[in-house]
Amino acid sequence: MDFDDDMILDQGPAVTITEAGDNFVNFALQKVDLSFANSLRRVIMAEIPIMAIDLVEIEVNSSVLPDEFLCHRLGLIPLVSKNCTEDVEYTRECDCDQYCSRCSVTLSLHAKCTSNEIMKVYAADLLVDHDRANPWVGTPVITDAEGKGTVICKLRNGQELRMKCIAKKGIGKEHAKWAPVAAVGFEYDPHNKLKHTDLWFEKSIAEEWPASKHAEWEEPAQEGERFDPDAEPDKYYFEVEGVGNLAPDQIIHEGIKVLQTKLATILNALGETKEDAGERFLPDDDVDMGGRNDFDNGYTTPGYNGPSYGNHGRATPYGATPYGQSGY
Amino acid sequence: MNAPDRFELFLLGEGEKKVTEEIDTRTPNTSIFTFNKEDHTLANMIRARLVKNPKVEFCGYKIPHPLFATFELRLQTNGEKTPKEMLIDACQTLIRSLNTLSADWTKEYELRRMVSGGGDK
Ligand SMILES: [Zn+2]
């Protein structure tokens, strides 16, 4: 540990936020290696749990769109997911038979066109059941000036939609509808001093490859400067663009938490075989392990029978309490 | 429709272990750890951390088959510590790094909010 501790003390990660808004944040991450930065990027895109419509019970659909088409659209509607990591259960880990208010949010949609004008059905027309894990989770994200949200479908005279949508918690690895970001921009070494990229050109690199907006943050290679084969990247430019389910700073925090949970799961798994590394690692604050310390049990969900996963008795790392929750 | 279910990427199967260690007898102080339901996100982060440590002789990982969410990490130490101890150390330091990052992020973001008064854009 001696070596590792020294490393951490003098070069822990450092962040500089360059721009931030309601739905995006741009920042530079420093003093970490490429793999660390890339893992953060990957985890933000694929493994932060948020809410999305996953099950639709259709009573009436006389619109021109087939049921599947409509369901897919409904799934992609961003839903407010603040604190859903803690407040909402995974359906597969919940005690209920199919779904309940602890593991899902019910949104109903009922629209019928009765005039000769084309009627548009918007995300705002989804009626959220108030029986849910917290007062905001599952509400459609609406950011336009008129407060209508995205168009789901258009109806003409006599056509009708009546359906019940069940929103559940999930991660982007399973389906992109559960991704909290539209994109994560990731750039390092804007002058290509490390030569990780081979820039193809006809006459001149400088003319054919315009400098990126991050180029001004770093010194270009000096005339006659020798290439350093041992040089490593040290500064990474992130551009996180949220979809609205989570605020940009929550996205980063959740991403960090997911990575920590991953590592903690490994520690616990290694601890269970020989000396108890998991316990050694556990922080002494209020991590609730359900009054026990045997992690084998803590990570399994024997009674699982969620509808979208027909199998019983799956073990999952998501039973884990995220590491150091109270430390933030 | 014979594609594997998507949840097989991150949910451990029945009786499946998160990590197993197999001692490699062909070289001294070497273990091959098999991680289940994990990918490059975890593998590369751990690998990069370990190769920086002077006590590590060799560390690398591979994903044996793209259809199966698993990776194998081969780790050889110089003998001062066992591969397992080194792996545990690496995970712990990474968690601590992430804690630092989290704290730093909170500080930066609060500062940013104060400067731009809510941060609308
Ligand atoms: Zn439930």
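Nothing here was measured: the structure is a model prediction, and the numbers come from that model.

Parameters and conventions
- Residues numbered from 1 in each chain as written.
- Chains lettered and ligands numbered in written order.
- Predicted model: local features only at pLDDT ≥ 70, side-chain atom pairs only at ≥ 80, totals over all residues.
- Heavy atoms only, no water.
- Helix = DSSP H or I, 4+ residues; strand = E, 2+ residues; numbered from the N terminus.
- Buried < 20%, exposed > 50% of the residue type's maximum accessible area, 1.4 Å probe, protein only.
- Pairing = 2+ DSSP bridges.
- Donors = N, O, S within 2.8 Å, 3.2 Å for Na, K, Ca; no water.
- Tetrahedral: all angles 85-135°; square planar, octahedral: opposite > 155°, others 65-115°.
- UniProt positions renumbered as here; feature names shortened; annotations may be inferred.
- Salt bridge = Lys/Arg side-chain N within 4 Å of Asp/Glu carboxyl O.
- Phe/Tyr/Trp six-rings, centres within 6.5 Å; stacked < 30°, edge-to-face > 60°.
- pLDDT = per-residue confidence, 0-100.
- Contact = heavy atoms within 4.5 Å.
- Expected span 1.5 Å × (residues − 1).
- Polar contact = N/O pair within 3.5 Å; in protein donor to acceptor, adjacent residues only side chain to side chain.
- Core = buried A, V, L, I, M, F, W, Y, C linked by side-chain atoms within 4.5 Å.
- Domains from an automatic or database assignment.
- Axes fitted to C-alpha atoms, helices over the stretch in contact; angles between N-to-C directions.

Another point: unusual backbone geometry. Residues and elements named next belong to chain A. With a phi angle near 65°, asparagine 83 is a residue other than glycine that sits in the positive phi range. As for its placement among the helices and strands, asparagine 83 is situated in the loop between α3 (67–75) and α4 (84–87). Backbone geometry at lysine 195 places phi at a positive 60°, although glycine is not the residue there. Relative to the helices and strands, lysine 195 is located in the loop between β9 (181–188) and α5 (205–208).

Residues and elements named next belong to chain A. Among the seven residues in strand β2 (residues 24–30), six count as buried, and that is most of the element. Where β2 lies against strand β10 (residues 235–242), seven bridges are found, and the strand directions are antiparallel. Within the sheet, the bridge partner assigned to phenylalanine 27 lies in β10 and is phenylalanine 238.

Turning our eyes to something else, we now look at the coordination of the zinc ion. Residue and element names in this part refer to chain A. Within the first shell, the zinc ion binds the protein through Cys94 (SG), Cys96 (SG), Cys100 (SG) and Cys103 (SG), at distances of 2.2 to 2.4 Å. Coordination at the zinc ion is tetrahedral, judged from the four donor atoms that bind it and the angles of 100 to 114° they form at the metal. Site description for the zinc ion: donor spacing in sequence, C-x1-C-x3-C-x2-C. Cysteine 103 matches cysteine 100 in its accessibility class, with the two residues each being buried.

The sites that carry the UniProt feature "domain: DNA-directed RNA polymerase RBP11-like dimerisation" (unreviewed entry) are, in the present numbering, residues 31–102 of chain B. The span residues 31–102 of chain B carries 44% helix and 29% strand; its end-to-end C-alpha distance comes to 32 Å.

Glancing now at the pattern of salt bridges. Evaluation of the coordinates by the stated rule reveals 20 salt bridges over all chains. Note that Lys173(A) is salt-bridged to Asp39(B), the shortest N-O span being 3.3 Å. Placement of the pair is Lys173(A) in the loop between β8 (160–170) and β9 and Asp39(B) in the loop between β2 (30–36) and α1 (40–51), with the two residues belonging to separate chains. For the residue pair Lys173(A) and Asp39(B), the accessibility class agrees, reading buried in each case. Residue Lys18(B) is joined to Glu38(B) by a salt bridge in which the shortest nitrogen-to-oxygen separation is 3.0 Å. One end of the pair, Lys18(B), is in the segment before β1 (19–23); the other, Glu38(B), is in the loop between β2 and α1, with 20 residues separating them in the sequence. Like Glu38(B), Lys18(B) is buried. Because the salt bridges share partners, they merge into one network encompassing Arg42(A), Glu47(A), Lys173(A), Lys262(A), Lys18(B), Glu38(B) and Asp39(B).

Another aspect to go through is the packing of aromatic side chains. Given two aromatic rings, one states the distance between the centres and the angle between the planes to describe the pair. All names here are of chain A. In this structure the tally under the stated criterion is ten aromatic pairs over all chains. Measuring from centroid to centroid gives 4.9 Å for phenylalanine 27 and phenylalanine 238, while their planes differ by 5°, and the two rings are stacked. Separated by 211 residues along the polypeptide, phenylalanine 27 in strand β2 and phenylalanine 238 in strand β10 bring together distant segments of the chain. Of the two residues, phenylalanine 27 and phenylalanine 238, neither departs from the other in class, the shared state being buried. When the centroid spacing of 6.0 Å and the interplanar angle of 20° are considered together, the rings of phenylalanine 186 and tyrosine 236 count as stacked. One end of the pair, phenylalanine 186, is in strand β9; the other, tyrosine 236, is in strand β10, and 50 residues separate them in sequence.

Here we take up the confidence of the model for chain A. Across chain A, pLDDT averages 84, with 79% of residues at or above 70. For residues 272–328 of chain A, every residue scores under 50 in pLDDT, and the model assigns this stretch 115 contacts once sequence neighbours within four places are set aside.

So, about α1(B). Residues and elements named next belong to chain B. An ideal rise of 1.5 Å per residue puts 16 Å on twelve residues; α1 measures up with 16 Å between its terminal C-alpha atoms. With nine of its twelve residues buried, α1 lies for the most part within the structure. Those residues of α1 lying buried are Thr41, Leu42, Ala43, Asn44, Met45, Ile46, Ala48, Arg49 and Leu50. The N-cap of α1, judged by a side-chain oxygen 3.0 Å from the amide nitrogen of threonine 41 a few residues on, is aspartate 39.

Moving on to the nonpolar core. Core analysis: the biggest nonpolar cluster contains 57 residues, and Phe27(A), Leu29(A), Phe35(B), Ile46(B), Leu50(B) and Leu87(B) have the highest contact counts within it. The residues that make up this core include at least three from each of domain 1 (1–48 + 181–220 + 230–297) and domain 2 (50–179) of chain A. Setting aside residues up to four positions removed in sequence, Leu29(A) forms contacts with Pro13(A), Ala14(A), Val15(A), Ala37(A), Leu40(A), Asp234(A), Lys235(A), Tyr236(A), Phe238(A) and Leu101(B). Membership of the second largest hydrophobic core comes to 27 residues, among which are Met51(A), Ile53(A), Cys113(A) and Met163(A).

Turning our eyes to something else, we now look at the UniProt feature "domain: DNA-directed RNA polymerase RpoA/D/Rpb3-type" (unreviewed entry) in chain A. Under the UniProt annotation, "domain: DNA-directed RNA polymerase RpoA/D/Rpb3-type" (unreviewed entry) lies at residues 24–269 of chain A. This span, residues 24–269 of chain A, is 21% helix and 27% strand, and a straight line between its end C-alpha atoms measures 36 Å.

Glancing now at the sheet that holds β2(B). All names here are of chain B. Pairing in this open sheet of four strands is antiparallel, and the strands run β1-β2-β4-β3 from one edge to the other. Among the strands making up the open sheet, the edge pair consists of β1 and β3 (56–62). Here the average twist between neighbouring strands, direction ignored, is 15°. As paired strands, β2 and strand β4 (residues 70–77) are joined by seven bridges and run antiparallel to one another. Each bridged residue has a counterpart across the sheet, and for threonine 30 the counterpart in β4 is glutamine 76. Sheet strands in contact with α1 are β2, β3 and β4, and its direction is about 165° off that of β3.

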